Amino acid sequence: MNERATAITMDIVEAIRAALRKHQVSFGEYRAGFMHLAKTQQAGEIPLLIDVFFNSTIVEIENKNRKGSKAAIQGPYFVPDAPYVDGELAIEGSAQALPKMEMRGKVTDQSGAPIVGAVIDVWHSTPQGTYSGIEKHGNLDKKYYRGKITTDANGNYACKSILPVAYQIPNKGPTGMLLEEYMGGHSWRPAHIHYWVNAEGKRDLISQAYFEGDEYIEDDCCNGGGSDFMVPEKYEDGVRIMEVDFVLDPAPALEPAE
Ligand code: MBD
Ligand code: FE
């Protein structure tokens, strides 16, 4: 067991014990609490629950030593082997009439030099507010609404898709119940696009983009970073332009092997 993992684990356990003591939790309440976790597991919502509450904290920590673009939360619906795409994400037949967006921008290093051949994974929800390639969401073919885009010789990228809409995380299960009933909040996120940028010799970057005017940007059930990730409203021929540039930090030096 590594020392750091031991220290973190002990502190988490101690923090939970402190909360139980502070509230003088009864045996019945304790049982209700662990049944809630068991139900979360049964519903396949462990990744959702953990990301809703804790992903933003990890991002806050990791952003402290980033000099280029700040990172955002990843969320539970990234799929590692999405297809490479050229200019457009796959859109289901029935969704092709929906309003379109174009994601575009430039990837550079800290000096402003373009990064050629950076690979940007993008993913966003279906018009129903689910994600492709996710068993719990009906296992829609993962070619839809996600893909890997490559930057060109000038570090630029461009890719079209349909416009995602305001987004409610699955709220009928144990995670929604915690957020809405026990914590008195809601389960909405701003409509969003996810990005994961990878380039050789650079620190990878997970980001997001929101749409100007969305009412949940600063009131996000996942604390997703707010207006720092908001893209100003702009249209070209009726297509919403989502212009997002990424500045990558150099890759951290490899840690010496233990
Ligand atoms: C999502 O789509 C998401 O991006 C996050 C952070 C949490 C739940 C669902
Ligand atoms: Fe998401």
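Presented here is an overview of the structure given in this document. Each residue is numbered by its place in its chain's sequence as written, counting from 1. Labels follow written order: the first chain is A, the first ligand is 1, and so on. In keeping with the model being predicted, local features are shown solely for residues with a pLDDT of at least 70 and side-chain atom pairs are shown and tallied solely at 80 or more, while totals for entire chains, interfaces and linings include all residues. Heavy atoms throughout the structure, all of them, feed into the side-chain values; hydrogens and water do not.

Helix and strand definitions follow DSSP, with helices as H or I runs of at least four residues and strands as E runs of at least two, each counted in order from the N terminus. In terms of regular secondary structure, the protein chain is built from 4 helices and 12 strands. The C-alpha atoms of the protein chain give 20 Å as radius of gyration, which agrees with the globular expectation for 258 residues (18 Å, within 12%). Dimensions of the protein chain, computed from C-alpha atoms along their principal axes, come out at roughly 60 × 50 × 30 Å. The buried share of the protein chain, taken over its 258 residues, is 41%. Working rule for contacts: check all heavy atoms of both residues, and any pair within 4.5 Å makes them a contact. The long-range share in the protein chain, meaning contacts at least 24 apart out of those at least 6 apart in sequence, stands at 69%. Surface exposure of the protein chain reaches about 14,600 Å², of which carbon and sulfur atoms provide 54%. To get the radius of gyration, use the C-alpha atoms; to get the globule rule, take the number of residues to the power 0.38 and multiply by 2.2 Å. Exposed residues in this analysis have more than 50% of their type's maximum accessible area, buried residues have under 20%, and partly exposed residues fall in between, with area computed by a 1.4 Å probe over protein chains only. Accessible surface area values rest on a Shrake-Rupley calculation with a 1.4 Å probe, where residue burial reflects the displayed protein chains alone.

Glancing now at the pattern of salt bridges. Salt bridges are defined as contacts in which a side-chain nitrogen from Lys or Arg sits within 4 Å of a carboxyl oxygen from Asp or Glu. Evaluated as defined, the whole model comprises 11 salt bridges. Here Arg 17 and Glu 14 are joined by a salt bridge, their closest N and O atoms 3.3 Å apart. Of the two residues, Arg 17 and Glu 14 both sit in helix 1 (residues 3–22), 3 residues apart, roughly one turn of that helix. Since its relative accessible area comes to 42%, Arg 17 is described here as partly exposed. Taking the relative accessible area as the measure of exposure, Glu 14 reaches 38% and is therefore partly exposed. One salt bridge connects Asp 81 with Lys 142, and the closest N-O pair in it is separated by 3.3 Å. With Asp 81 in the loop between helix 3 (46–63) and strand 1 (100–109) and Lys 142 in the loop between strand 2 (119–123) and strand 3 (146–150), this pair connects stretches of sequence that are 61 residues apart.

For Phe, Tyr and Trp, rings pair up if their centres lie within 6.5 Å, where Trp contributes its six-membered ring, and each pair is then called stacked (planes under 30 degrees apart), edge-to-face (over 60) or tilted (otherwise). By the definition in use, this model includes 12 aromatic pairs. Between the aromatic rings of Phe 27 and Tyr 30, the centroid separation amounts to 5.8 Å while the plane-to-plane angle is 50°, which identifies the pairing as tilted. With Phe 27 and Tyr 30 both in helix 2 (residues 27–42) and 3 residues apart, this pair spans about one turn of that helix. The exposure class assigned to Phe 27 is exposed, which follows from its relative accessible area of 56%.

Here we take up the site of ligand 1. Residues in contact with ligand 1, as listed here, are Leu 48, Ile 73, Gly 75, Pro 76, Tyr 77, Tyr 131, Tyr 167, Ile 169, Arg 189, His 192, His 194 and Cys 222. Arg 189 is positioned such that a nitrogen or oxygen atom in its side chain is 3.1 Å from an oxygen atom of ligand 1. N or O atoms within 3.5 Å of each other form a polar contact, as long as, within protein, one can give a hydrogen and the other can take it, and as long as residues adjacent in sequence are counted only when both atoms are side-chain atoms. Here His 192 contributes a side-chain N or O atom positioned 3.1 Å from an oxygen atom of ligand 1. Coverage of ligand 1 by the protein chains reaches 100% of its 260 Å² of free accessible surface. Within the shell around ligand 1, the residues separate by chemical class into 8 nonpolar, 3 polar and 1 charged. Throughout, the term near means that a residue has one or more heavy atoms lying within 4 Å of the molecule or strand in question. Each residue receives one of three labels: charged for Asp, Glu, Lys and Arg, nonpolar for Ala, Val, Leu, Ile, Met, Phe, Trp, Tyr, Cys and Pro, and polar for the others, Gly being one of them.

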